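Coordinate analysis (summary)
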Amino acid sequence: MTKAKILVVEDENIVAKHIQNRLQSLGYAVVSVASSGEEAIEKAEAARPDLVLMDIMLRGEIDGVKAAEQIRDRLNIPVVYLTSFADDGTLQRAKVTEPFGYILKPFEVRELHSTIEMALYKHKMERELKQSQQWLITTLKSIGDAVIATDTQGFVKFINPAAETLTGWKQGDALGQELVKVFHIIHEKTRDVIENPAMETLREGSTLNLSNRILLLTKDGIETPVEYTVAPIRDDKGNILGAVLIFRDITEKWRVEEERLKTSKLESISTLAGGIAHDFNNILTAIIGNISLAKMSVDRETEVFERLAGAEKASLRAKNLTQQLLTFSKGGAPIKKTAAIGELIKDSASFTLRGSNVRCEFSIPEDLWPVEIDEGQMYQVIQNLVINAQQAMPEGGIIWLRAENILVGAGGARQRLPLPDGEYVKISLEDQGIGIPEEHLLKIFDPYFTTKQRGSGLGLATAYSIVKRHDGYLTVESKLGVGTQFHIYLPASQQQLLTKKPMEEKPLAGKGKVLVMDDEEIIKEVTSRMLDYLGYEVNFARDGAQALDLYKKARESGKPFDVIILDLTIPGGMGGREVIKKLTEIDPQVKAIVSSGYSADPIMANFRQYGFCGVITKPYKIEELSETLYQVMRDTHK
């Protein structure tokens, strides 16, 4: 066992020598002897003994009491007084230094030994206790959860940094306060104040857990959702010494729960909207198809033709009523084609602002690069941004819409963009509105985030989602009181832009046998008339089973169908997805066209990967039907 090291402080040499001899005979190591208070402090700091035997009356300005006080405060070394003085004044001065023993001269060796051993043991226990307390305090200060401890009366005795942050109370201000003042909580809905959460624990001795809709009001009045646990603090005999409160910020947990609820609602809306869109677009197909046929029967120069063309255009716009929600709720992949976006920008903005007190100024160059887009979805993006700008200017104003060709990457746009290097078309929309607060800029593309009383919070989120699915980027910049700018970046297409034929041109005539699978009578009727007009022989199947049966019988008879048009969704029966798999088993060279008014299924965007040769989206005009059939039939003959 290592010998305990002792520093002897005694100004009488003979006495000091006597004490040293006695200590050594008891097995202690005397590291040094000092004769003054100044020397005692110096040698204690140098030798770091385990204990100091201190005479009180010493020569010099610093006596034993003052020296003991400094050694305790600076070095945390236990001091035992060994003195001839026992008067009340000396005792009172000595007590202030919290000595570990007090021995009167002349002393007994046994008394000296027992006092030193008790002092060394007591100091060891106190040091271990302090270390344990420091370890515990450091742990409590370091953990992420907020912790507050109280006494048996519910007054704060400890608060860690996490609790300081959440409550807004600094430790110096919080200690000694009632817990209910520092941890001030209310019910989210009723706004009722909740009583001191520690008091029930202190009364009942039970642990409480609460994670209902509770709000913590900080010292500055900020509301934070929290959940907490309160438990009693007990000694080794089970007596309650106080309570400990552990709580945490659950803002993110609430947000996740709310998003989950919104997602659930959105899925329900989406299911309903999908059904509505399917039925709605079937009806529009019948309307647009009949209008297309009627246009074929009248002179293009007449007022009747003009009115029919207007009705047709309005009918095509009607499908946008469901497109907003459908695009965001199910996120259908865009059905892209190479297009010039300039006219689409003008058309969408002008249509959206019709009848309002806001007008658009366009700056769109003739040499704007073509882009690969789903025209319906991109129309919706421009529409949503224009609506947002219009609502930001209730007193009216001007929206500037510009488009330009830019290069991203080396030698291109200076602004750092999260896009691959290459050629892009940049579309900028600028308004004269009230602007967007800086704290909202990072949230405006979040689903359901809105600052408008009647806003759904879907418009900008939908626009962002569409642009992202087009491998593009949508960004925003704004200044309060000045206005807002949105910038859309779309990859330029490397494909040659085909010149569109005027809408007034006659549809392409054809010939051959066409089988149409659709469960709607109105679709069958108008499609039959359109195909007859175009020169095709048409047959119908109400579902997948009948379509397969008719297709097989036609092949076996030597008079096969040249093309089959399959509706993607057949309620209660096989839809286009299932039928095409079986058809390719019957005829690997089958020429099939997929058709639908609504589907989140990727088949509509990637139809070739599923065995189809073409796609036509409801509602469609006779020109679109004839063009699709012409392309598929041409490929067949090739």
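In this report, we go over the structure that sits alongside the text. All figures in this text were calculated on a predicted structure; none of them were measured in a lab.

Calculation rules
- Residues numbered from 1 in each chain as written.
- Predicted model: local features only at pLDDT ≥ 70, side-chain atom pairs only at ≥ 80, totals over all residues.
- Heavy atoms only, no water.
- Helix = DSSP H or I, 4+ residues; strand = E, 2+ residues; numbered from the N terminus.
- Contact = heavy atoms within 4.5 Å.
- Salt bridge = Lys/Arg side-chain N within 4 Å of Asp/Glu carboxyl O.
- Buried < 20%, exposed > 50% of the residue type's maximum accessible area, 1.4 Å probe, protein only.
- Core = buried A, V, L, I, M, F, W, Y, C linked by side-chain atoms within 4.5 Å.
- Phe/Tyr/Trp six-rings, centres within 6.5 Å; stacked < 30°, edge-to-face > 60°.
- Lys NZ or Arg CZ within 6 Å of the ring centre and 35° of its normal.
- Pairing = 2+ DSSP bridges.
- Right-handed = clockwise from strand over helix to strand, strands pointing away.

Quick look at the environment of Ser528 now. Within the secondary structure, Ser528 is located in helix 17 (residues 521-534). For the pair Ser528 and Asn539, spaced eleven residues apart in sequence, the C-alpha separation works out to 8.2 Å. Aside from chain neighbours lying at most four places away, what touches Ser528 is Ile523, Val538 and Phe540.

Under the definition given, this model contains 22 salt bridges. Between Lys336 and Asp471 there is a salt bridge; the shortest N-O distance is 3.6 Å. With Lys336 in the loop between helix 12 (320-330) and strand 12 (337-339) and Asp471 in the loop between helix 16 (459-469) and strand 17 (473-479), this pair connects stretches of sequence that are 135 residues apart. Under the relative-accessibility criterion, Lys336 is labelled partly exposed at 34%. Residue Asp471 is classed as exposed on the basis of its relative accessible area of 52%. Across the pair Lys553 and Asp549 runs a salt bridge, and its minimum N-O distance is 3.3 Å. Of this pair, Lys553 and Asp549 are both found in helix 18 (residues 544-556), four residues apart, which corresponds to roughly one turn of the helix. Judged by relative accessible area, which is 32%, Asp549 ranks as partly exposed.

Turning our attention to the nonpolar core. Counting 38 residues, the largest nonpolar core has Ile341, Ile399, Ile427, Ile488 and Leu490 as its most contacted members. Looking at which element gives the most residues to this core, the answer is helix 14 (residues 375-391), with seven residues. Setting aside anything within four residues of it in sequence, one finds Ile488 in contact with Val381, Ile382, Leu385, Val425, Lys426, Ile427, Val467, Tyr473 and Leu474.

Once that is clear, we can look at the packing of aromatic side chains. For the structure shown, the criterion picks out five aromatic pairs. Here the aromatic rings of Phe183 and Tyr228 are separated by 5.5 Å at their centres, their planes lie at 85 degrees, and the arrangement is edge-to-face. Residue Phe183 is located in the loop between helix 8 (179-182) and strand 8 (184-187), and its partner Tyr228 is located in strand 10 (residues 223-234); the two are separated by 45 residues in the primary sequence. An identical accessibility class is assigned to Phe183 and Tyr228; each is buried. Each member of the aromatic cluster is reached from another via a ring pair, and the members are Phe183, Tyr228 and Phe247. Of note, Lys122 hangs over the ring of Phe100, and the distance from its end group to the ring centre comes to 5.2 Å.

Further remarks concern the pairing of strand 22 (residues 592-596). In terms of burial, strand 22 is a largely internal element, five of the five residues being buried. Every second residue of strand 22 is oriented toward a common face, with Ala592, Val594 and Ser596 on one face and Ile593 and Ser595 on the other, all of them buried. Direction of pairing for strand 21 (residues 563-567) relative to strand 22: parallel, over a ladder of four bridges. Considered in strand 22, the bridge of Asp567 is made with Ser595. For the segment spanning strand 21, helix 19 (residues 576-586) and strand 22, crossover handedness is right-handed.

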